[in-house]
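Working through the structure, step by step
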Amino acid sequence: MNEECCTGSILHRFIGAYDMTYRQTIEYLFNSTPVFENVGATAYKEGFTNTHLLDRHFNHPHSRYKTIHVAGTNGKGSCSHTLAAILQSAGYRVGLYTSPHLVDFRERIRINGNCISEQYVVDFVEQERAFFEPLHPSFFELTTALAFKYFADEQVDIAVIEVGLGGRLDCTNIIHPLFSVITNISLDHTQFLGDTLEKIASEKAGIIKRDTPIIIGEYLPDTKPVFQAKAQEMNAPLSFAEDEKEVLAAHPNADRGITYQTKNFGTVDAELVGDYQRKNTNTVLCAVRELQKMRVIRDTDCVKQGFRHVVEYTGLQGRWQKVRSTPTVICDTGHNVGGWEYLSRQLQDVSCLGVKRIVFGMVDDKDIDGVMRILPHDAVYYFTKASSHRAISEYKVGEKGMTYGLKGRCFPSVSAAYRQALADAVPTDFIFVGGSSYIVSDFLSGLKE
């Protein structure tokens, strides 16, 4: 995004003399700072120059509360929300910083499940723009500074901070956490992080801090040595959750959740039901063991409460989320091959008396061929595109689908695709909406209109 865009017409259009509305403020943020969700690579900024300048300007707010840092290709959102729910159940005032949002920008920044207030966002931009505008920060750099300051101003006890992209060069990487978590590694964002699993693991291992415990959720033969070498270099105590095997067994329960039999926490009922949640749960329980060692958590009741009420406590959306019963409608934000290896199996295993209907689209930096190759064939497809500049055309998605034997039609918007799927369906059908976080964002936003 050019300098004129950052400092010229947009500012004059949206910024008045301290009279911005929340809508105008968000429009300003999305139009005057490079937003990865909208423009992709041009919004990605390496280095910490702006991050350190913003951090110093706000007097290092992240140093005023404890933090936990969570990275990984998939699962970091679920793990971050679940850890926040557990800590909240333990009586702490908990900040949670995640991305992207699905419906409202304020979802990114929460305390005990409550979104940052509209007024705080407006005040932050109005009061601080004279400082940050000359820096031309990216959207994520500015949002991270906003989150860290908000958590300090609101005096949280602890904040769970999700990495935005990668780890080593991510602007959240200025924090000094109690411990860090890397959920897993698969090929994603290869244009930034590298085109091999080892390179991506090395970027994500960049969050490992000296003398600070690091928990690896899942590893592969290509990634384990990378984590071991970095942990040794930083003298960081290293745990592999996959080897700890906190989850012994899992099965569906009467509440439509999952009941886990665990090694150290007894029976744990969880409301997140995606097949991929078993590994996330194992990772979270290993992180909880670290919290117990630190005496941050002292009993197991809060663990069980957090798992049972994670959606209620944190506002998590888009993880095998059921939005309708007749017909059944599910949405999920899985957006890369690693995520779809689980989603595809789960979709194939869905038992329905009617037709499976899939509303599907992707964005341009994902491996569409890798995902298409594993999509179920026993479904009718509604190929579409999200309202993002990075969205792949519905016609290109449809053409790709045809080459992989997937049958369906093309629709210009998620709402149009979903409306048609719903019109075609009978009560015994099953409708799935996904392929991208932005598809789910448009879908959930449409439901609220």
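The shown structure was predicted, so the numbers you read here are calculated from the model rather than taken from an experiment. (Residues numbered from 1 in each chain as written. Predicted model: local features only at pLDDT ≥ 70, side-chain atom pairs only at ≥ 80, totals over all residues. Heavy atoms only, no water.)

**Here we look at the confidence of the model for the chain**
For the chain, per-residue confidence averages 90 on the pLDDT scale, and 91% of positions sit at 70 or higher. Low pLDDT, under 50, characterises residues 1-18; the stretch is placed with 31 contacts to residues that sit more than four places away or in other chains. Contacts for the low-pLDDT stretch residues 36-44, under 50 throughout, to residues beyond four places or in other chains number 27 contacts. (pLDDT = per-residue confidence, 0-100. Contact = heavy atoms within 4.5 Å.)

**Notes on the UniProt feature "domain: Mur ligase C-terminal" (unreviewed entry) in the chain**
Under the local residue numbering, the UniProt record ascribes the feature "domain: Mur ligase C-terminal" (unreviewed entry) to residues 318-436. Taken as a whole, residues 318-436 contains 33% helix and 24% strand, while its terminal C-alpha atoms sit 10 Å from one another. (UniProt positions renumbered as here; feature names shortened; annotations may be inferred. Helix = DSSP H or I, 4+ residues; strand = E, 2+ residues; numbered from the N terminus.)

**Details of the pairing of strand β6 (residues 179-182)**
As a general feature of sheets, a regular strand has side chains that alternate between the two faces. Because side chains alternate across β6, one face comprises the buried residues F179 and V181, and the other comprises S180 and I182, equally buried. Looking at chain direction, strand β1 (residues 66-71) and β6 are connected through 4 bridges and run parallel. Looking across to β6, one finds that I68 is bridged to F179. With 3 bridges connecting them, β6 and strand β7 (residues 214-216) associate as parallel partners. By the bridge assignment, S180 is partnered in β7 with I214. (Buried < 20%, exposed > 50% of the residue type's maximum accessible area, 1.4 Å probe, protein only. Pairing = 2+ DSSP bridges.)

**A short note on helix α5 (residues 49-57)**
All buried positions along α5 are accounted for by N50, T51, L54 and D55. Taken down its axis, α5 places every buried residue within 130° of arc, on the same side. Exposed and facing more than 90 degrees away from the buried side of α5 are T49 and R56. Packing partners of the buried residues in α5 comprise α7 (118-132) and α8 (139-153). Phi turns positive, to about 65°, at N59, one or two residues after α5. (Arc of directions from axis to C-beta.)

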